[in-house]
Amino acid sequence: MKTSEPGTPAVSGPGPRGDEDVRHWRLEDLEALDFDPFLTAVLRDEPVVRIRLPYGEGTAWLVTRHGDVKSVTSDPRFSRRALADRDVTSGSPHAIAARHAALNYTDPPHLTTMRRVVARAFTGGSMERLRPLAQRTADALLDEMERHGSPADLVRHLHGPFPLSVVGDLLGLPEEDRAGMISWTDVIMTPGPAPDRSRQGRKSVREVVEALLARRRAEPADDLAGVLAAAADDGEISEDEALSMATAILVSGAHAVRNNSANMVYALLTHPEQLARLRAEPGLLPRAVEELLRYIPHRNGVGLPRIATEEVEVGGVRIGAGEAVYCSYLAANRDPEVFPDPHALDFDRPAAAHLSFGFGPHHCVGPMLARMESEVMLATLLRRYPRLALAVPPEEIAWQEGALIRGPKSLPVSW
């Protein structure tokens, strides 16, 4: 359902300080790839605004302008470590990830050490080694889809199994351990009022990862599991940190790329001029992927906040020590001061750095992997299916409900 007309705030009302305006952000499901009208409104009218989300205590600040988002996310006066023991207004009734031993709840300098370890598996060379494996996987999955016949569901045949296969290859996860992983990642990344199921999902995935790290100690390899096991044995990171990082990369790699790659195909199939342009100019693909990453509102709401460790001024607004601050990368990607005509999908857009992978010391560790996967999937679909089209009207596509990451439940296509 739509929350309100585009550009209209959802609800506003007095906050706990009495004299300040607090916007209540309901985070209702949006249609297809519609951009959140709440973000459009506050970006335009009040780019640093006090908000209350559906769960948790109190209020928080929301920062939306591109420059302000970059400033906050790179400023050491805003801490993720200070968030670990806080109950902050939130879009989820329970924590999605464990709060301790996790990258997202750590600050430099130890965060820098943790990221340096992970980066050993995310080099340009490792991506080039993975690309032919990814290509073979995509071709095999689409061969099977063709045996099924047209029309078919791309989420079932490609977008679901492909990212899990690629991140499994990166980790060194055996094929037999990948069964059921998609359903567990869905449970973890769809918060809703079901903390027990989410905890069980995290426990199940963690058990698989524990077994994998143990296997790498007995059978060393240069995959990500081998890198993490060796770093834990050498004392660079703790065992809990190794498990947390491997689990987070497995869950996000399988879930986020599945949804966002399906979003990309949906966006192209509903923008026929851009699709035709990409077919005519295949060399445009890397640039098109960057614009799709900027354009697609890939998540509901916002990610994790930060805590101000001292008073800081952001966008002309004073943020007090101890206050929580959310940054919206989605809103920053639609900032008209940086991206003219920001709601248009434009492959000729002048180069400007989108923030879809975040910014600062907590930016995503796997953008090279996500880009490579997107390029392989899109290039293969365009090459194999010159008549690829939605098999149903766009309004009949069913979308994820109550999920952190937006995407179609299924994507019926014909060719």
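The structure displayed is predicted, hence computed values, not measured ones. (Residues numbered from 1 in each chain as written. Predicted model: local features only at pLDDT ≥ 70, side-chain atom pairs only at ≥ 80, totals over all residues. Heavy atoms only, no water.)

Participant: Help me understand the sheet that holds strand β6 (residues 152-153) in this model?
Facilitator: By definition, the strands of a sheet pair up through backbone hydrogen bonds, in either a parallel or an antiparallel sense. Taking strand neighbours across the sheet as the criterion, the 3 strands line up as β6-β12-β11 in an open arrangement whose pairing is antiparallel. In the strand order of this sheet, the two ends are held by β6 and β11 (389-390), each with one partner. Pairing geometry for β11 and strand β12 (residues 412-414), over 2 bridges, is antiparallel. For Ala389, the partnering residue across the bridge sits in β12 and is Ser414. (Pairing = 2+ DSSP bridges. Helix = DSSP H or I, 4+ residues; strand = E, 2+ residues; numbered from the N terminus.)

Participant: I tried to follow the packing of aromatic side chains on my own but got confused; where do I start?
Facilitator: One pair of aromatic rings is described through two measures. These are the centre distance and the angle between the planes. Under the criterion given, the structure shown has 3 aromatic pairs. Here Tyr266 and Trp399 contribute two aromatic rings whose centre-to-centre distance is 4.9 Å and whose plane-to-plane angle is 90°, an arrangement assigned as edge-to-face. Linking Tyr266 in helix α10 (residues 239-269) with Trp399 in the loop between β11 and β12, this pair joins segments that are 133 residues apart in sequence. Considered together, Tyr266 and Trp399 belong to a single accessibility category, that of buried residues. Stacked on the ring of Phe339, the Lys or Arg Arg294 has its end atom at 5.3 Å from the ring centre. (Phe/Tyr/Trp six-rings, centres within 6.5 Å; stacked < 30°, edge-to-face > 60°. Buried < 20%, exposed > 50% of the residue type's maximum accessible area, 1.4 Å probe, protein only. Lys NZ or Arg CZ within 6 Å of the ring centre and 35° of its normal.)

Participant: Can you help me understand the pattern of salt bridges in this one?
Facilitator: Summed over all chains, the structure comprises 29 salt bridges. Its salt-bridge partner being Glu239, residue Arg217 comes within 2.6 Å of it at the nearest N-O pair. Here Arg217 is found in helix α8 (residues 195-218), whereas its partner Glu239 is found in helix α10, with 22 residues between them in sequence. Exposure remark for Glu239: the relative accessible area of 35% places this residue in the partly exposed category. Connected through salt bridges with shared partners, the residues Asp139, Asp143, Glu146, Arg383 and Arg384 form a single ionic network. (Salt bridge = Lys/Arg side-chain N within 4 Å of Asp/Glu carboxyl O.)

Participant: Got a minute to help me understand the environment of Thr137 in this structure?
Facilitator: Relative to the helices and strands, Thr137 resides in helix α4 (residues 124-148). Thr137 sits 28 residues away from Ser165 along the chain, and the two C-alpha atoms are 7.6 Å apart. Ignoring sequence-local partners within four residues, the contact set of Thr137 consists of Phe162 and Ser165. (Contact = heavy atoms within 4.5 Å.)

Participant: I would appreciate a short explanation of α4 in the present structure.
Facilitator: Residues that lie three or four places apart on an α-helix share one face, since the helix turns once every 3.6 residues. Between its terminal C-alpha atoms α4 stretches 36 Å, which fits the 36 Å expected from 25 residues at 1.5 Å a residue. Along its length, α4 shows its largest kink, about 25°, at Leu130, and proline Pro132 lies within four residues downstream of that point. Residues of α4 that are buried: Ser126, Met127, Leu130, Ala134, Thr137, Ala138, Leu141, Leu142 and Met145. At its buried positions, α4 is contacted by β6, α5 (154-159), α6 (161-171) and α14 (367-384). Where α4 ends, the next residue or the one after it, Gly149, has phi of about 100°, a positive value. (Expected span 1.5 Å × (residues − 1). Bend = angle between axes of the 7 residues up to and from the residue.)

Participant: Quick question: what am I supposed to make of α6 here?
Facilitator: For α6, the tally of buried residues reaches 9 of 11 residues, placing the bulk of the element in the interior. Among all positions in α6, only Phe162, Pro163, Leu164, Ser165, Val166, Val167, Gly168, Leu170 and Leu171 are buried. Gly172 sits one or two residues past α6 and shows a positive phi near 90°.

Participant: I tried to follow the confidence of the model for the protein chain on my own but got confused; where do I start?
Facilitator: Low pLDDT marks stretches whose predicted atomic positions should not be read closely. For the protein chain, mean pLDDT is 89; residues scoring 70 or higher make up 88% of the total. When the criterion is pLDDT under 50, residues 1-19 qualifies, and its contacts beyond four places in sequence or with other chains add up to 51 contacts. (pLDDT = per-residue confidence, 0-100.)

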